[in-house]
Amino acid sequence: RRLDVLDINFGCPVKKVVQKCGGSALLADVPLLDRIIRAVIAGSAVPVTAKIRTGWDEDKVNYDEVGLLLQERGCAWVTMHGRTRAQKFTGQANWDRIAHLVEVLDIPVIGNGDVVDGDSYRRLVQHTRCHGVMIGRGAMGNPWIFQEMRAVDEGVPAAAVTFAAMCAVTAD
């Protein structure tokens, strides 16, 4: 099967990934991130995209610098999780930073962080004007989130999930 897109995750905060200079560790080593993205784009026959976080920590917030670099190198879009690497999955995602990246870049920005239902999806899109939304942990235990998001996009109430539907999904 042919790939449609190649996405590089420069946002993973997991210790075992970061210790090997992978994932969000690259946000603290922009020259290495640059070498990697150049090599991947040069060798790829499909569009390349990248996921980032807002930075390593609050003292090293550099999402706009990294986003502009990724755009300049030829990424088709950038997905940004609204937390730093230091935050991992704690605290609140900073949607203002996602909104700022939407303003800074000419390529699409996909928003990520704290979307757990149709209402939070609507609020993220309205707040940031992002071009799409990535769902991660919000779908764990709630695969119906995508149904809720579709209802928001269509301007209709989300259909209630029945107990039978929950059992059917969780039975295996």
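Note that this is a predicted model, so its numbers are computed, not measured.

When helices and strands are tallied, the protein chain shows 7 helices and 5 strands. If you list the helices and strands of the protein chain from N to C, you get β-α-α-β-α-β-α-β-α-β-α-α. Expected size for 172 residues packed as a compact globule is a radius of gyration near 16 Å; at 17 Å, the protein chain falls within 12% of this value. Considered along the principal axes of its C-alpha atoms, the protein chain spans approximately 50 × 40 × 30 Å. A burial count over the protein chain gives 42% of its 172 residues as buried.

On to the nonpolar core, then. By size, the foremost hydrophobic cluster in this structure holds 33 residues, and its most contacted members are Phe-10, Leu-33, Ile-37, Ile-52, Leu-70 and Leu-101. With residues near it in sequence (within four places) discarded, Leu-101 still touches Ile-52, Tyr-63, Asp-64, Gly-67, Val-78, Met-80 and Val-109.

With respect to the secondary-structure elements, Asp-57 resides in the loop between strand 2 (48-53) and helix 3 (63-73). For the buried Asp-57, which has no salt bridge, the nearest side chain bearing the opposite charge is Lys-60, at an N-O separation of 4.5 Å. A distance of 2.9 Å separates the side chain of Asp-57 from the backbone nitrogen of Asp-59, its partner in a polar contact. With sequence-adjacent residues up to four places away left out, Asp-57 is seen in contact with Thr-84 and Ala-86.

Next up on the list: helix 4 (residues 95-104). Among all positions in helix 4, only Trp-95, Arg-97, Ile-98, Ala-99, Leu-101 and Val-102 are buried. Where helix 4 begins, the capping side chain belongs to Asn-94, and its oxygen is found 3.0 Å from the backbone nitrogen of Asp-96.

Attention shifts here to the packing of helix 3 against helix 4. Between helix 3 and helix 4, the shortest axis-to-axis distance is 10 Å and the interhelical angle comes to 35 degrees. You can see that helix 3 and helix 4 cross each other, and the crossing is right-handed. Judged by residue contacts, Tyr-63, Asp-64, Gly-67 and Leu-68 of helix 3 engage Arg-97, His-100, Leu-101 and Val-104 from helix 4. Looking at the contact of helix 3 with helix 4, its residues break down into 4 nonpolar, 2 polar and 2 charged.

Of note in this structure, Cys-21 is not a glycine but carries a positive phi near 60 degrees. Its location among the elements puts Cys-21 in the loop between helix 1 (15-18) and helix 2 (30-43). Despite not being glycine, Asp-114 has its phi angle at roughly 70 degrees, a positive value. You can see Asp-114 is positioned in the loop between strand 4 (109-112) and helix 5 (118-128).

The rules behind these values
Residues numbered from 1 in each chain as written. Predicted model: local features only at pLDDT ≥ 70, side-chain atom pairs only at ≥ 80, totals over all residues. Heavy atoms only, no water. Helix = DSSP H or I, 4+ residues; strand = E, 2+ residues; numbered from the N terminus. Rg over C-alpha atoms; globule rule 2.2 N^0.38 Å. Buried < 20%, exposed > 50% of the residue type's maximum accessible area, 1.4 Å probe, protein only. Core = buried A, V, L, I, M, F, W, Y, C linked by side-chain atoms within 4.5 Å. Contact = heavy atoms within 4.5 Å. Lys, Arg positive; Asp, Glu negative; His and termini not counted. Salt bridge = Lys/Arg side-chain N within 4 Å of Asp/Glu carboxyl O. Polar contact = N/O pair within 3.5 Å; in protein donor to acceptor, adjacent residues only side chain to side chain. Axes fitted to C-alpha atoms, helices over the stretch in contact; angles between N-to-C directions. Left-handed = near helix turned anticlockwise from the far one by under 90°. Nonpolar A, V, L, I, M, F, W, Y, C, P; charged D, E, K, R; others polar.

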